[in-house]
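Secondary and tertiary structure notes
One-letter residues, chain by chain:
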Amino acid sequence: MVPPLALDIDGTLTTPEHSIDPRVFAVLPTWDAPVVVATGKAFPYPVALCHFVGIPERVIAENGGIALAEDELRYTGDPETVDAAVEAFRARGGELGWGETDTVNRWRETEVATSRTADEALLRAVATEFDLEFVDTQYAYHLKSPGVSKGLALREMATTLDYAPEEFVAIGDSANDVSMFEVVDESYAVANAVDAAKSAATHVLDASYVDGTLTALEAIRERETA
């Protein structure tokens, strides 16, 4: 039996051009165990990915702020404090960096994400003032409530799915994936991962982005079905 999976999206299921590799659409629906999509993106993004890939909606969004599995939806964090921090950031001249429409945050419910062109020093100062956590995923800067993480959400979701957290295999590339790696027994950092993710993973892959992920999944499937 193959193990359940916890998979990041950006940098893990994507190409260097930030698109979902079409090979994912063949591999994930045939995985004979739960697949959890865990991302820093807003909730609709992983839900839509599950829908179009053809797998059940088991998602962790907003770095653990929202989790959905088996029709059980959980929210964690303090969005009111995040909103106040955003107001303070803007009042001091900060810009989120996504333009007027801002589809990055339009459906975000528990945290905020800014472009990496935003004023990092000011954002960090505001995070400290409002007792929020600053996270750099290499794709965006995030402000979120302390203690909220992909790892905590995965631990709770594992219970919902009748697995121990340690049974999951996690694959990712960013600092926000470290908490997932810490609650599972087997984890993989793709070659493009940041140093923190590589240090926390039990395995560091030679291949980057989705190529590394698919290499790991193929090896796991061969091992478990041999």
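A brief report on the enclosed structure follows. (Residues numbered from 1 in each chain as written. Predicted model: local features only at pLDDT ≥ 70, side-chain atom pairs only at ≥ 80, totals over all residues. Heavy atoms only, no water.)

**A closer look at helix α8 (residues 209-225)**
Because an α-helix completes one turn every 3.6 residues, residues spaced three or four positions apart along the sequence face the same direction. Compared with an ideal rise of 1.5 Å per residue, which puts 17 residues at 24 Å, α8 spans 25 Å between its outermost C-alpha atoms and is within 8% of the ideal. For α8, the full list of buried residues reads Val210, Gly212, Thr213, Leu214, Ala216, Leu217 and Ile220. On its buried side, α8 packs onto β1 (5-7), α1 (24-27), β9 (169-172) and β10 (186-189). (Helix = DSSP H or I, 4+ residues; strand = E, 2+ residues; numbered from the N terminus. Expected span 1.5 Å × (residues − 1). Buried < 20%, exposed > 50% of the residue type's maximum accessible area, 1.4 Å probe, protein only. Contact = heavy atoms within 4.5 Å.)

**Focus: the side chain of serine 179**
On the secondary structure map, serine 179 appears in helix α6 (residues 178-183). On the accessibility criterion, serine 179 (16% relative accessible area) is buried. When near neighbours in sequence (up to four residues on either side) are disregarded, serine 179 contacts Ser149, Lys150 and Gly151.

**Notes on the pairing of strand β4 (residues 66-69)**
Here β4 shows a buried face lined by Ile66 and Leu68 and a second buried face lined by Ala67 and Ala69. As defined by bridge partners, strand β3 (residues 59-61) adjoins β4 across 3 bridges and the pair is classed as antiparallel. Counted as the bridge partner of alanine 61 is isoleucine 66 from β4. Where β3 folds back on β4, the antiparallel hairpin that results is connected by 4 residues, among which glutamate 62 adopts a positive phi of roughly 55°. As defined by bridge partners, β4 adjoins strand β5 (residues 72-75) across 4 bridges and the pair is classed as antiparallel. Its bridge partner being in β5, leucine 68 is matched across the sheet by leucine 73. Taking the residues that link successive antiparallel strands as the turn, the β4-β5 hairpin has 2 residues, and the phi of glutamate 70 there is positive, at about 50°. (Pairing = 2+ DSSP bridges.)

**A closer look at a negative patch on the surface**
On the surface, Asp78, Glu80, Asp83 and Glu87 cluster together into a negatively charged patch. As for its position among the elements, glutamate 80 is in helix α3 (residues 79-91). (Patch = residues over 30% accessible without salt bridge, like charges linked within 9 Å, V, L, I, M, F, W, Y side chains within 5 Å. Areas by Shrake-Rupley, 256 points an atom, 1.4 Å probe, with all protein chains shown as cover. Salt bridge = Lys/Arg side-chain N within 4 Å of Asp/Glu carboxyl O. Lys, Arg positive; Asp, Glu negative; His and termini not counted. Charge placed at Lys NZ, Arg CZ, Asp CG, Glu CD.)

**With respect to the packing of aromatic side chains**
Under the definition given, this model contains 2 aromatic pairs. With a centroid separation of 5.1 Å and an interplanar angle of 40°, the aromatic rings of phenylalanine 134 and tyrosine 141 are classed as tilted. Both residues of the pair, phenylalanine 134 and tyrosine 141, count as buried. Between tyrosine 163 and phenylalanine 168, the ring centres sit 5.9 Å apart and the planes meet at 65°, which makes this aromatic pair edge-to-face. Residue classification places tyrosine 163 among the partly exposed residues on the basis of a relative accessible area of 26%. The cationic tip of lysine 41 hangs over the ring face of tyrosine 45; the distance from NZ or CZ to the ring centre is 5.1 Å. (Phe/Tyr/Trp six-rings, centres within 6.5 Å; stacked < 30°, edge-to-face > 60°. Lys NZ or Arg CZ within 6 Å of the ring centre and 35° of its normal.)

**Things to note about the sheet that holds β9**
The strand order across the open sheet formed by 8 strands is β5-β4-β3-β2-β1-β9-β10-β11, and the pairing between neighbours is mixed. Each edge of the sheet is formed by a strand with only one pairing partner; in this case those strands are β5 and β11 (203-204). Taken together, the 2 bridges between β10 and β11 define a ladder with parallel strand orientation. In the sheet register, alanine 189 faces β11, and the bridge partner there is valine 204. Strands in contact with helix α2 (residues 44-53) are β2 (35-38) and β3; relative to β3, the strand with the most contacts, it is inclined by about 155°. (Axes fitted to C-alpha atoms, helices over the stretch in contact; angles between N-to-C directions.)

**Looking at α3**
End to end, α3 covers 18 Å across 13 residues, agreeing with the expected 18 Å (1.5 Å per residue, within 8%). In the core, the buried residues of α3 are packed alongside β6 (112-114), α4 (120-129) and β8 (141-144). Just downstream of α3 lies glycine 93, where phi reads positive at about 95°.

**Some remarks on the nonpolar core**
The biggest cluster of nonpolar side chains holds 31 residues, and the ones touching the most others in it are Leu28, Trp31 and Ile171. Mapped by element, the contributors of at least two residues to this core are β1, β2, α2, β3, β4, β9 and α8. Counting residues in each nonpolar core, the second largest holds 22 residues, with Ala6, Ile60, Val184 and Ala201 among its members. (Core = buried A, V, L, I, M, F, W, Y, C linked by side-chain atoms within 4.5 Å.)

Read these as geometric descriptors, not functional statements.
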